[in-house]
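One letter stands for each residue in the lines below.
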Amino acid sequence: MARKKPTSSADRPAPGPLRLHVPEPAARPGDDPDFSHVRVPAAGVSQRPPIDASEPELRAYAEGLVRVLGDDHRAVGDWDPQIDADTLRRGLRHMLLTRIFDDRMLRVQRQGKTSFYIKSTGEEAVSVAQAYALQADDMLFPSYRQQGLLIARDHSLVDMMCQIYNNTRDRLKGRQLPIMYSVREKGFFSISGNLGTQFPQAVGWAMASAMKGDTRIAASWVGEGTTAEADFHYALTFASVYQAPVILNVVNNQYAISSFQGFAGGEHATFAQRAIGYGLPGIRVDGNDFLAVYAVTQWAAQRARANHGATLIELFTYRAAAHSTSDDPSAYRPEDEFARWPLGDPIERLKQHLIAIDEWSEARHEQLVKDLDDQVRADLKEAESYGTLSTPPASPSSMFEDVFKDMPEHLVRQRREMGY
């Protein structure tokens, strides 16, 4: 029987032209918001695993979504952290204070009293709940939308305002862009405008803590867009190899500046699933559920302290405000999208939970808002007494300070030549 002649490449039909896939958002300006692609499981269906579970045992958590607060505003399921009402009320207070602080600082930026600001509206549960789940001396390596960490650690609002104003009481002496705080006594590492740098820094700090036999762990935050940066992958490699006691948080708020999360790879996999390739557990959590965020962070912290290594947490939330005061989100998303976000508002959800368990009321909430607004106004008045953007800068001689422990001779000479 004669053999069939092999088909040569010349005999095969020519394929069609190659096509490049460009991610498309579900809705653009002028369209109705569309969140039909967002899968929201019922609260309480996810089981809380043991802290020593292996990464393969945890893979379903990278695709699911841990939720505690149900539609009836009550806590259900294995992840319920059983937080007492006093702590929940403090958490609500700190989230409200963060939002009121943000709103006030946006106004002063629009008044020309400072040059720049970034709000965290809609993401307050991320910073506040995670700060509560960590210990006070754990080290924080934040991005630029985690002001709630400082507020939850009861840092001075006046100090934060002075940094935003870059005035005479700015502890950083005007050397950082407004909102890029650095507060050593609160374990709050300097914010960097170069996205992603804090991830490997947090891993390195955690490795050093383990090498010294310390008990403190580190936590760091990036947005989902920053997962496309090389520093993200460097951090996961070192965290995996050395089982560093660190929590690596990806705040998936759906948008980087001027682009949606699909451009960072969010169309094809969750951001928590990126941990799997490094042998790390990844967990997705409802970032607008204060109790769920607290519970997952607490679990990851316990895992790190027990020497079971790092955890990548994807906090699934929504950036309600503009990326910054330099951004116009109306150019790339529907105007009323946040009102249609299926996971709601983190402050409203915690408020309704407290009301549902008879530990809060609308009247008490209104009074708290007023009291916090009065506090922010008073702090702002004090901060502005030390100067705003129009205030003459500090003496030029300060440029020679805070760099070297002992000032080298050439700088001493230059400062002398300037008449100081």
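Residues numbered from 1 in each chain as written. Predicted model: local features only at pLDDT ≥ 70, side-chain atom pairs only at ≥ 80, totals over all residues. Heavy atoms only, no water.

S.K.: Any details on helix 2 (residues 124-133)? Residues and values, ideally.
M.R.: An α-helical segment advances 3.6 residues per turn. Residues three or four places apart therefore align on the same side. Burial within helix 2 is extensive, with 10 of its 10 residues counted as buried. Along helix 2, the residues that are buried comprise Glu124, Ala125, Val126, Ser127, Val128, Ala129, Gln130, Ala131, Tyr132 and Ala133. (Buried < 20%, exposed > 50% of the residue type's maximum accessible area, 1.4 Å probe, protein only. Helix = DSSP H or I, 4+ residues; strand = E, 2+ residues; numbered from the N terminus.)

S.K.: Outline a nonpolar patch on the surface, supporting the account with residue identities and numerical values.
M.R.: Together, Leu20, Val22 and Phe263 line one region of the surface with nonpolar side chains, adding up to about 350 Å² of accessible area. In this fold, Phe263 is placed in the loop between strand 5 (259-260) and strand 6 (282-286). Residue classification places Phe263 among the partly exposed residues on the basis of a relative accessible area of 49%. (Patch = residues over 30% accessible without salt bridge, like charges linked within 9 Å, V, L, I, M, F, W, Y side chains within 5 Å. Areas by Shrake-Rupley, 256 points an atom, 1.4 Å probe, with all protein chains shown as cover. Salt bridge = Lys/Arg side-chain N within 4 Å of Asp/Glu carboxyl O.)

S.K.: Tell me about the nonpolar core, and please be specific about residues and values.
M.R.: In this structure, Phe101, Ile179, Tyr181 and Phe290 are the most contacted members of the largest nonpolar core, which totals 77 residues. Among the elements that line this core, the one with the most residues is helix 7 (residues 290-305), at 11 residues. Judged by nonpolar contacts, the second largest core, of 23 residues, contains Phe141, Phe199, Ala218 and Leu280. (Core = buried A, V, L, I, M, F, W, Y, C linked by side-chain atoms within 4.5 Å.)

S.K.: Describe the pairing of strand 2 (residues 218-223), and please don't skip the residues or the numbers.
M.R.: Along strand 2, 5 of the 6 residues are buried, which leaves the element largely enclosed by surrounding structure. By the bridge criterion, 6 bridges tie strand 2 to strand 3 (residues 246-252) in an arrangement that is parallel. Bridged to Trp221 within strand 3 is Asn249. Regarding topology, helix 6 (residues 230-241) serves as the crossover connection from strand 2 to the parallel strand 3, and that connection is right-handed. (Pairing = 2+ DSSP bridges. Right-handed = clockwise from strand over helix to strand, strands pointing away.)

S.K.: I'd like to hear about the sheet that holds strand 1 (residues 139-141), residue by residue, with values.
M.R.: With parallel pairing, 5 strands are arranged side by side in an open sheet as 1-2-3-7-6. Whereas interior strands pair on both sides, the edge strands pair on one side only; in this sheet they are strand 1 and strand 6. Strand after strand, the sheet turns through a mean of 20° between neighbouring axes, direction not considered. Across 3 bridges, the pairing between strand 1 and strand 2 is parallel. Counted as the bridge partner of Leu140 is Ala219 from strand 2. (Axes fitted to C-alpha atoms, helices over the stretch in contact; angles between N-to-C directions.)

S.K.: Would you mind going over the packing of helix 1 (residues 85-110) against helix 10 (residues 362-384) in detail, with residue names and values included?
M.R.: Look at helix 1 against helix 10: their axes get within 9 Å of each other, and the N-to-C directions meet at 45°. It follows that helix 1 is oblique to helix 10 by the angle criterion. Read as a crossing pair, helix 1 and helix 10 show a hand that is right-handed. Facing helix 1, whose interface residues are Arg89, Leu92, Arg93, Leu96, Leu97, Ile100, Phe101, Arg104, Met105 and Val108, helix 10 presents Arg364, His365, Leu368, Val369, Leu372, Asp373, Gln375, Val376, Arg377, Leu380 and Glu384. For the contact of helix 1 with helix 10, the class distribution of residues is 12 nonpolar, 2 polar and 7 charged. (Parallel < 35°, antiparallel > 145°, perpendicular 65-115°, else oblique. Left-handed = near helix turned anticlockwise from the far one by under 90°. Contact = heavy atoms within 4.5 Å. Nonpolar A, V, L, I, M, F, W, Y, C, P; charged D, E, K, R; others polar.)

Function-wise, these values are silent; they only describe arrangement.
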